[in-house]
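Listed below are the residues making up each chain.
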Amino acid sequence: MTLTASVAIAGAIAVPATIAATASASTTTGTASAFGLSANGLVNIPQTPAVTSTSGAHHKSLVQLPANPLVKLKVLHTSASGSTSRASVVDLQVLKAALSAHLITAKCVGGEGSSHLVKASIAGHRLAADAAPNSTLNVPVQGVGSVSVVLNKQVHNSDGSLTVTAVEVKLGLATGKAQTIDISSATCSAGQATPPQQPTPTPSQSTPPGQAPVPTPVPSDLPVTG
């Protein structure tokens, strides 16, 4: 299996229907993208699986990653449609950072982002399910040292779009190099709202429906005979 290989997963996670429903209900248009996981440092993993959409719905799923000494997981899923994007990772383990989570999700809709964690912890410390944007903490991990974690990381890009990354992890390695891992990242533009339609004016009626107008007398001269 290669990092770019994608596998359709029926029923593994109910994301496609959710994204489709959100996109059809939205009145905005724009560009959206998402990826499940990436890593930079001693271990490099490209944005996997990555999707981009300017119109229509796009989905990618991946079961597990190729063997590596850094990350283990079961399912990655990404979706993008118009100005809506979403990324999720199931049953994640970052062994060196003592990080684990049952589900990590990032969502971006019309320029607004959010993240959600289910049963996520690092070195025995439970992580907030719905953290405030850019919540940062440093956790000592045995054998590694201090591990930096940013929850619900939100970055406003120069093109006006927003990128929300559910979890960003930075840790030092024995080689002296820093290792960065981005988990569940979604980007979307604010889009352009469809202007509301103005109601068609209704002509005013001076006479109630169903009634004849009251006649107006008109003065005139009548001929007199006799």
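Cut-offs used in this document
- Residues numbered from 1 in each chain as written.
- Predicted model: local features only at pLDDT ≥ 70, side-chain atom pairs only at ≥ 80, totals over all residues.
- Heavy atoms only, no water.
- Pairing = 2+ DSSP bridges.
- Helix = DSSP H or I, 4+ residues; strand = E, 2+ residues; numbered from the N terminus.
- Buried < 20%, exposed > 50% of the residue type's maximum accessible area, 1.4 Å probe, protein only.
- Polar contact = N/O pair within 3.5 Å; in protein donor to acceptor, adjacent residues only side chain to side chain.
- Contact = heavy atoms within 4.5 Å.
- Core = buried A, V, L, I, M, F, W, Y, C linked by side-chain atoms within 4.5 Å.
- Disulfide = S-S within 2.5 Å.
- Axes fitted to C-alpha atoms, helices over the stretch in contact; angles between N-to-C directions.
- Salt bridge = Lys/Arg side-chain N within 4 Å of Asp/Glu carboxyl O.
- pLDDT = per-residue confidence, 0-100.

Draft legend 1. Quick look at the pairing of strand β7 (residues 99–109). Judged from the 10 bridges that link them, strand β6 (residues 84–94) and β7 form a sheet pairing that is antiparallel. Across the sheet, Ala 87 pairs through a bridge with Ala 106, a residue of β7. As consecutive antiparallel partners, β6 and β7 are separated by 4 residues, and within that stretch Ala 98 has a phi angle of approximately 55°, a positive value. With 2 bridges connecting them, β7 and strand β9 (residues 121–122) associate as antiparallel partners. Residue Leu 99 lies in a different strand from β9, and its bridge partner there is Ile 122.

Draft legend 2. Geometry of the side chain of Thr 187. Within the fold, Thr 187 resides in strand β14 (residues 178–188). A relative accessible area of 17% places Thr 187 in the buried class. A polar atom in the side chain of Thr 187 sits 2.8 Å from the side chain of Thr 163. With near-sequence residues (within four places) excluded, Thr 187 lies in contact with Thr 31, Ala 32, Ser 33, Ser 85, Cys 108, Asn 157, Ser 161, Leu 162 and Thr 163.

Draft legend 3. Region of the structure containing unusual backbone geometry. A positive phi angle, close to 55°, is found at Ala 98, a residue other than glycine. Mapped onto the secondary structure, Ala 98 falls in the loop between β6 and β7. Phi at Ala 123 takes a positive value of approximately 50°, unusual for a residue other than glycine. Looking at the secondary structure, you find Ala 123 in the loop between β9 and β10 (125–126).

Draft legend 4. Structural context of the nonpolar core. Core analysis: the largest hydrophobic core is formed by 44 residues, its most contacted members being Leu 37, Leu 92, Leu 99, Val 167, Ile 181 and Ile 183. The element best represented in this core is strand β13 (residues 162–172), accounting for 6 residues. Setting aside chain neighbours within four positions, we find Val 167 in contact with Leu 99, Ile 104, Leu 117, Val 149, Val 150, Leu 151, Ile 181, Asp 182 and Ile 183.

Draft legend 5. Representation of the state of the cysteines in the model. All told, the structure shown has 1 disulfide when counted by the stated rule. The partner cysteine of Cys 108 in its disulfide is Cys 188, sulfur to sulfur 2.1 Å. Of note, the bridge from Cys 108 to Cys 188 carries an S-S torsion of about -65° and is left-handed in sense. Of the two residues, Cys 108 sits in strand β7 while Cys 188 sits in strand β14, which places them 80 residues apart along the sequence. The residues Cys 108 and Cys 188 share a single accessibility class, namely buried.

Draft legend 6. Structural view of the sheet that holds strand β11 (residues 135–141). With antiparallel pairing, 6 strands are arranged side by side in an open sheet as β2-β1-β14-β13-β12-β11. Looking at which strands have only one partner, the edges of the open sheet turn out to be β2 (45–53) and β11. Shown here is a sheet whose adjacent strand axes are inclined to one another by a mean of 10°, direction ignored. Here strand β1 (residues 32–40) pairs with β2 via 6 bridges, running antiparallel. Note that in β2 the partner of Ser 33 across the bridge is Thr 52.

Draft legend 7. Up close: the pattern of salt bridges. For the structure on display, the rule yields 2 salt bridges. A salt bridge links Asp 91 to Lys 74, with the nearest nitrogen and oxygen atoms 3.5 Å apart. Of this pair, Asp 91 sits in strand β6 while Lys 74 sits in the loop between β4 (71–72) and β5 (75–81), and the two are 17 residues apart along the sequence. Looking at Asp 91, the relative accessible area reads 26%, which means it is partly exposed.

Draft legend 8. Quick look at the confidence of the model for the protein chain. On average, the protein chain scores 79 in pLDDT, and the residues at 70 or more come to 69%. The low-confidence segment residues 220–226, where pLDDT is below 50, has 0 contacts with residues more than four positions distant or belonging to other chains.

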